[in-house]
Amino acid sequence: MHKCWRRVTSLSIFAPAKLNLFLAITGRRSDGFHDLVSLAAPLDFGDTLLVEHRAAGFILESNSTEAPVDETNLVLKAARAFAAATGWPGGARFVLEKRIPVGAGLGGGSSDAVATLRGLNRIAGSPLGASALDGLAAQLGSDCPLFLRDAAVVMRGKGEQITLLSAVARARLSGRRVLIFKPGFSVATAWAYGRLASIAPAGYLPARAAEELLATWLQRLETDGFGGTSREMDESLVNTMESAVFAKFIALPAMLDLLRTSHGLRPRMSGSGSACFAFLSDDDPVAAIIATIRAGWGDSAFVMEARLK
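Residues numbered from 1 in each chain as written. Predicted model: local features only at pLDDT ≥ 70, side-chain atom pairs only at ≥ 80, totals over all residues. Heavy atoms only, no water.

**Q** Lay out the overall build of the chain in plain terms, naming residues and giving numbers.
**A** Summing up its helical and strand segments, the chain has 10 helices and 10 strands in all. Against the compact-globule benchmark of 19 Å for 309 residues, the chain has a radius of gyration of 20 Å, which places it among compact chains. Over its C-alpha atoms, taken along the principal directions, the chain stretches across nearly 60 × 40 × 40 Å. For the chain, buried positions account for 52% of its 309 residues. Approximately 12900 Å² of the chain is accessible, and the part contributed by carbon and sulfur atoms is 53%. Side-chain charges in the chain split into 33 positive and 29 negative, and the spacing between the mean points of these groups amounts to 5 Å. (Helix = DSSP H or I, 4+ residues; strand = E, 2+ residues; numbered from the N terminus. Rg over C-alpha atoms; globule rule 2.2 N^0.38 Å. Buried < 20%, exposed > 50% of the residue type's maximum accessible area, 1.4 Å probe, protein only. Areas by Shrake-Rupley, 256 points an atom, 1.4 Å probe, with all protein chains shown as cover. Lys, Arg positive; Asp, Glu negative; His and termini not counted. Charge placed at Lys NZ, Arg CZ, Asp CG, Glu CD.)

Structure below.
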């Protein structure tokens, strides 16, 4: 079928974290998944995946004690899905340098899975085109396809329907400074969605209302970029997952309230948490903000300044 399966034998792939700048869960589907409207953007911060060709079989190594290296890891699931889809007879050794916290709502596992697909596709001589990669990524997880874009996107459906932002909107978002912070605990995505379903319909935002809110925000972004200020950018962003998560994990709303009153930030939770974020202006006292976070959450808190890609 292919004259040459291999063109490279080893490569390193960057697997960016993402932020859900806007996330509205609009209802539950008959298949158990949820419908959503979300604006997601990749960051210049993330994991690194080394992919090395081997004769047969897939093995995974990692610097993280939190990320499993067995068949439950999305890297190995992605590798086996790729082999099944292409018939590629080879194998690979994966070395995952994990920087994205686990259970943070930053898309680390999904991004690693897409990095796996990209790496194997190059090593195998690119048997899959863009459309086929999209389809395979969607099988692995609802938010996997967004990582094939390397730019801010709007996600719909259960996350598999991807629309790129306009060139103007992407340009205005690219390079924006954000502070990402996560307490020492994580939030399980399955639990968060289950909790949201249990309080339905209170935690859902109707699709029409979600689309109107997002359209208004994007129009303002395209028109004047919110005048270059971070505060106004934050004001109309929503995350309807917060209602479910904050009821149990009260350290999250307590910290966000503290940052609003002490530093004037407008922070939000990303995805299903537990990571949160806030846009930063050039004159924000970042050291003082970080000190506030560590004073409240302790040294186990993860804090990282990054930029949107």
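**Q** Can you lay out the packing of helix 2 (residues 108-123) against helix 3 (residues 130-140) for me, pointing to particular residues and giving the numbers?
**A** For the pair helix 2 and helix 3, the least separation of the axes is 10 Å and the interaxial angle reads 145°. Every pair of crossing elements has a handedness; the one defined by helix 2 and helix 3 is right-handed. Counted together, Ala 113, Val 114, Leu 117 and Asn 121 of helix 2 and Leu 133, Leu 136, Ala 137 and Leu 140 of helix 3 form the full contact between these two elements. Class assignment of the residues belonging to the contact of helix 2 with helix 3 gives a composition of 7 nonpolar, 1 polar and no charged. (Axes fitted to C-alpha atoms, helices over the stretch in contact; angles between N-to-C directions. Left-handed = near helix turned anticlockwise from the far one by under 90°. Contact = heavy atoms within 4.5 Å. Nonpolar A, V, L, I, M, F, W, Y, C, P; charged D, E, K, R; others polar.)

**Q** Which residues make up the sheet that holds strand 8 (residues 268-269), and what values go with them?
**A** What links the strands of a sheet is backbone hydrogen bonding, and the strands pair in either a parallel or an antiparallel sense. One open sheet holds the 4 strands; their spatial order is 8-9-7-10, and the pairing between them is antiparallel. Two strands close off the open sheet at either side, each with one partner strand: strand 8 and strand 10 (302-307). Sheet analysis places strand 8 next to strand 9 (residues 276-279), joined by 2 bridges and oriented antiparallel. Looking across to strand 9, one finds that Met 269 is bridged to Cys 276. Together, strand 7 (177-182) and strand 10 form the strand contacts of helix 10 (residues 286-297), whose direction differs from that of strand 7 by roughly 15°. (Pairing = 2+ DSSP bridges.)

**Q** Which residues make up the packing of aromatic side chains, and what are the values?
**A** In the structure shown here, the tally under the stated rule is 8 aromatic pairs. Look at Phe 45 and Phe 302: their rings are 5.8 Å apart centre to centre, the planes differ by 35°, and that puts the pair in the tilted class. Of this pair, Phe 45 sits in strand 2 (residues 34-54) while Phe 302 sits in strand 10, and the two are 257 residues apart along the sequence. A ring pair is formed by Trp 191 and Phe 249, whose centres lie 5.5 Å apart and whose planes are at 85°; its orientation type is edge-to-face. Here Phe 249 lies in the loop between helix 8 (242-248) and helix 9 (251-263) and Trp 191 lies in helix 5 (residues 189-198), a separation of 58 residues in the sequence. Counting every residue linked through ring pairs, the aromatic cluster contains Phe 185, Trp 191 and Phe 249. The cationic tip of Lys 158 hangs over the ring face of Phe 33; the distance from NZ or CZ to the ring centre is 4.2 Å. (Phe/Tyr/Trp six-rings, centres within 6.5 Å; stacked < 30°, edge-to-face > 60°. Lys NZ or Arg CZ within 6 Å of the ring centre and 35° of its normal.)

**Q** If you had to explain the pattern of salt bridges to someone new, which residues and values would you point to?
**A** Evaluated as defined, the whole model comprises 18 salt bridges. Taking the shortest distance from any N to any O, the salt bridge between Arg 156 and Glu 211 comes out at 2.7 Å. Of the two residues, Arg 156 sits in strand 5 (residues 153-156) while Glu 211 sits in helix 6 (residues 207-224), which places them 55 residues apart along the sequence. For Arg 156, a relative accessible area of 25% translates into the label partly exposed. (Salt bridge = Lys/Arg side-chain N within 4 Å of Asp/Glu carboxyl O.)

**Q** Give me the pairing of strand 4 (residues 91-97): which residues, what numbers.
**A** Regular strands place side chains that alternate from one sheet face to the opposite one. In the sheet, strand 2 pairs with strand 4 via 7 bridges, with the strands oriented antiparallel. Across the sheet, Arg 54 pairs through a bridge with Gly 91, a residue of strand 4. Note: strand 3 (residues 58-62) against strand 4, 5 bridges, orientation parallel. Its bridge partner lying in strand 4, Ile 59 is registered against Arg 93. Since strand 3 and strand 4 lie parallel, the crossover through helix 1 (residues 74-86) that links them has a hand, and here it is left-handed. (Right-handed = clockwise from strand over helix to strand, strands pointing away.)

**Q** Any chance you could break down helix 10 for me, citing the residues and the numbers?
**A** With 12 residues, helix 10 should cover 16 Å at 1.5 Å per step; its first-to-last C-alpha distance of 16 Å lies within 8% of that length. Close packing links the buried residues of helix 10 with strand 7, helix 9 and strand 10. (Expected span 1.5 Å × (residues − 1).)

**Q** Can you explain helix 2? Please cite residues and give values.
**A** Each α-helix winds once per 3.6 residues, and so residues spaced three or four apart point in a common direction. Between its terminal C-alpha atoms helix 2 stretches 22 Å, which fits the 22 Å expected from 16 residues at 1.5 Å a residue. Of all 16 residues in helix 2, 13 are buried; the element is thus mostly enclosed. Gly 125, located one to two residues past helix 2, shows a positive phi value of around 90°.

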